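Take a look at the letters that make up each chain.
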Amino acid sequence: MRGDRSSRDGYAGLEGAFDAAIDVARDPLHVRTALDVLADRVNHWVFVSTSNVYADESTPYADESATLRAPLPDATDWAPELYGEGKRSCEEHLLGTAGSEALLIARAGLIAGPGDASGRTGYWPLRFAYPATEDGSVLIPDEPSLLTQQLDVRDLASWLVDCAEDARTGVADAVGEILPLRDYLASAREVAHHTGPLVGRRARSPKHCAMCSPGK
């Protein structure tokens, strides 16, 4: 069914009770309307949150006990630049209404795989598949110590369904395997059947990539 989640009317026609609900909302208003209509008809909630709810994004390997961002004030309209704070508000609304005994919060890291239109996970396979030079050379970062961490959307979806079926509760960081950048590039190169030269260039001030490197 399709509906406008910004109002209770968006759930018109959604009848009956449900074993579980999996919510991926980022706008707290959408979570509030869902709870208003479905709180007494859903036995278990699974909420897909984000590692962006953590206040410190510069410390690798932190866990679920790390300090969180402050949620948005109730009167604040959601905006893309408030993504982390918005997700925190969503978590708080679900905890306050559904309760921790009927809720799993999955704080996802960088999600990769089919359907990713951002270019974050498809850039390197595409780059290797279509080199810009006649000899097939591809410029890559010469940063052997840089780490990457991506989570296949299919693995995440399967795990979320398992959590819903088993009524698992609590807070969990849902992140992928940590891979050195060189291994990630090797995989992308293999997928693209690239055999041309690699040209390495080191950044002036190498830093870890907050989007891809291991964190929460």
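Residues numbered from 1 in each chain as written. Predicted model: local features only at pLDDT ≥ 70, side-chain atom pairs only at ≥ 80, totals over all residues. Heavy atoms only, no water.

Trainee: Just to check I follow, could you spell out the nonpolar core for this structure?
Mentor: Across soluble globular proteins, nonpolar side chains have a tendency to be buried as a group. Ranked by size, the top nonpolar core spans 16 residues in total, and within it Val-31, Leu-38, Trp-45, Phe-47, Leu-94 and Leu-103 carry the most contacts. If you list the elements that add at least two residues to this core, you get helix H1 (28-38), strand S2 (45-50), helix H2 (83-97) and strand S3 (103-108). The residues touching Trp-45, leaving out its near neighbours within four places in the chain, are Ala-21, Ala-34, Leu-35, Leu-38, Ala-39, Leu-94, Ala-98, Ala-102, Leu-103 and Leu-104. One finds Val-46, Leu-104, Ala-108 and Ala-164 within the second-largest nonpolar core, a separate group that totals eleven residues. (Core = buried A, V, L, I, M, F, W, Y, C linked by side-chain atoms within 4.5 Å. Buried < 20%, exposed > 50% of the residue type's maximum accessible area, 1.4 Å probe, protein only. Helix = DSSP H or I, 4+ residues; strand = E, 2+ residues; numbered from the N terminus. Contact = heavy atoms within 4.5 Å.)

Trainee: Even after reading the chapter, I still don't get the packing of aromatic side chains, so can you show me in this structure?
Mentor: Two numbers describe a pair of aromatic rings. These are the distance of the centres and the angle of the planes. Scanning all chains against the criterion turns up two aromatic pairs. Judged by centre distance (5.7 Å) and plane angle (35°), the ring pair of Trp-124 and Phe-128 falls under tilted. You can see Trp-124 and its partner Phe-128 sitting in helix H3 (residues 123-129), four residues apart, about one turn around the helix. Considered together, Trp-124 and Phe-128 belong to a single accessibility category, that of buried residues. A network of ring pairs unites the aromatic residues Tyr-123, Trp-124 and Phe-128 as a single cluster. (Phe/Tyr/Trp six-rings, centres within 6.5 Å; stacked < 30°, edge-to-face > 60°.)

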